[in-house]
Amino acid sequence: MMKRLLFISIFFTLVFNCTYNEQPEFLGLENIKVINSNLKSITLKADALFINPNDVGGVLKTDELKVYINETEVATIVSDEFKVPSKKDFKIPLVVAVATDSIIDKKSLGGLLGSLISQNLKVHYKGVIKYKVLGYSSTYKVNDTQDLKIKL
């Protein structure tokens, strides 16, 4: 009986002293850049920044995040679930390789050629990142655009 009472009191102490009622805060994307480019593909990288004030972690998933180059959808970022650390600032690397021929659209061929000649691309990340913890889930909207220089 004493062990059971001790176990129950420890359980409730842990449950009520742990904070898990706030979702991690999404601060935005940073370090959007071209990490590799050649005539066949362009590899882009961005860091999604978060702060988790909770004592518990959770998981983040990025399977509904689209990448647009010069207003043409070129890729969807799909990643494994990312484990969220407790009580910590953290970032998720978002890396995607885009085939240069997927950027070519007959309607925007002139815009693409102009971009390649000037070596500028308008990169737009748009979609959601999903967060799950203890049966609770929420989403973070991502809508960030940046002009990048490329070297082919």
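Residues numbered from 1 in each chain as written. Predicted model: local features only at pLDDT ≥ 70, side-chain atom pairs only at ≥ 80, totals over all residues. Heavy atoms only, no water.

### Considerations on the overall build of the protein chain
Okay, step 1: Regarding its fold elements, the protein chain presents three helices and eight strands.
Okay, step 2: Taking all 152 residues of the protein chain together, 35% fall into the buried category.
Okay, step 3: Across the protein chain, every contact between residues at least 6 apart in sequence was considered, and the portion connecting residues at least 24 apart equals 69%. (Helix = DSSP H or I, 4+ residues; strand = E, 2+ residues; numbered from the N terminus. Buried < 20%, exposed > 50% of the residue type's maximum accessible area, 1.4 Å probe, protein only. Contact = heavy atoms within 4.5 Å.)

### Re the nonpolar core
Okay, step 1: Of all hydrophobic cores here, the largest spans 31 residues; its most connected members are Leu-44, Phe-50, Leu-60, Val-67 and Tyr-125.
Okay, step 2: Where this core is concerned, the elements lending two or more residues are β1 (25–37), β2 (41–52), β3 (59–69), β4 (72–77), β6 (88–99), β7 (120–133) and β8 (136–149).
Okay, step 3: Among the elements that take part in this core, β7 stands out by supplying six residues, more than any other.
Okay, step 4: If we ignore the near neighbours within four places in the chain, the residues touching Leu-44 are Lys-33, Val-34, Val-67, Ile-69, Leu-94, Val-95, Val-96, Val-123, Tyr-125 and Leu-148. (Core = buried A, V, L, I, M, F, W, Y, C linked by side-chain atoms within 4.5 Å.)

### Thoughts on the environment of Gly-57
Okay, step 1: In this structure, Gly-57 sits in the loop between β2 and β3.
Okay, step 2: Sequence-wise, Gly-57 and Ser-86 are 29 residues apart; in three dimensions their C-alpha atoms are separated by 4.7 Å.

### Thoughts on unusual backbone geometry
Okay, step 1: Positive phi outside glycine occurs at Asn-31, with the angle close to 55°.
Okay, step 2: Mapping Asn-31 onto the fold places it in strand β1.
Okay, step 3: Notably, Glu-71 is not glycine yet its phi reads approximately 70°, a positive angle.
Okay, step 4: Inspection of the secondary structure assignment puts Glu-71 in the loop between β3 and β4.

### Considerations on the sheet that holds β1
Strand pairing in a sheet is mediated by backbone hydrogen bonds. Such pairs are either parallel or antiparallel.
Okay, step 1: Within the open sheet, the three strands sit side by side as β1-β2-β6. Their pairing is antiparallel. Of all strands in the sheet, those bounded by a partner on one side alone are β1 and β6. Taking each pair of neighbouring strands and ignoring which way they run, the sheet shows an average axis angle of 20°. (Pairing = 2+ DSSP bridges. Axes fitted to C-alpha atoms, helices over the stretch in contact; angles between N-to-C directions.)

### Concerning the pattern of salt bridges
Any two side chains of opposite charge can pair, so long as their charged atoms come close to each other.
Okay, step 1: Counted according to the given criterion, the structure contains seven salt bridges.
Okay, step 2: With a closest N to O distance of 3.8 Å, Asp-55 and Lys-87 form a salt bridge. Of this pair, Asp-55 sits in the loop between β2 and β3 while Lys-87 is found in the loop between β5 (82–83) and β6, placing the two residues 32 residues apart along the sequence.
Okay, step 3: The class for Lys-87 is exposed, based on a relative accessible area of 54%.
Okay, step 4: Residues participating in the shared-partner salt-bridge network are Lys-45, Asp-47 and Lys-91. (Salt bridge = Lys/Arg side-chain N within 4 Å of Asp/Glu carboxyl O.)

### Notes on the confidence of the model for the protein chain
Okay, step 1: Residues with a pLDDT of 70 or more make up 74% of the protein chain, whose mean pLDDT is 78.
Okay, step 2: Element-level pLDDT for the protein chain is lowest in helix α3 (residues 109–118), with a mean of 51, against a maximum mean of 90 in β2.
Okay, step 3: Across residues 11–16, confidence stays below pLDDT 50; counting only partners more than four residues off in sequence or on other chains, it has one contact. (pLDDT = per-residue confidence, 0-100.)

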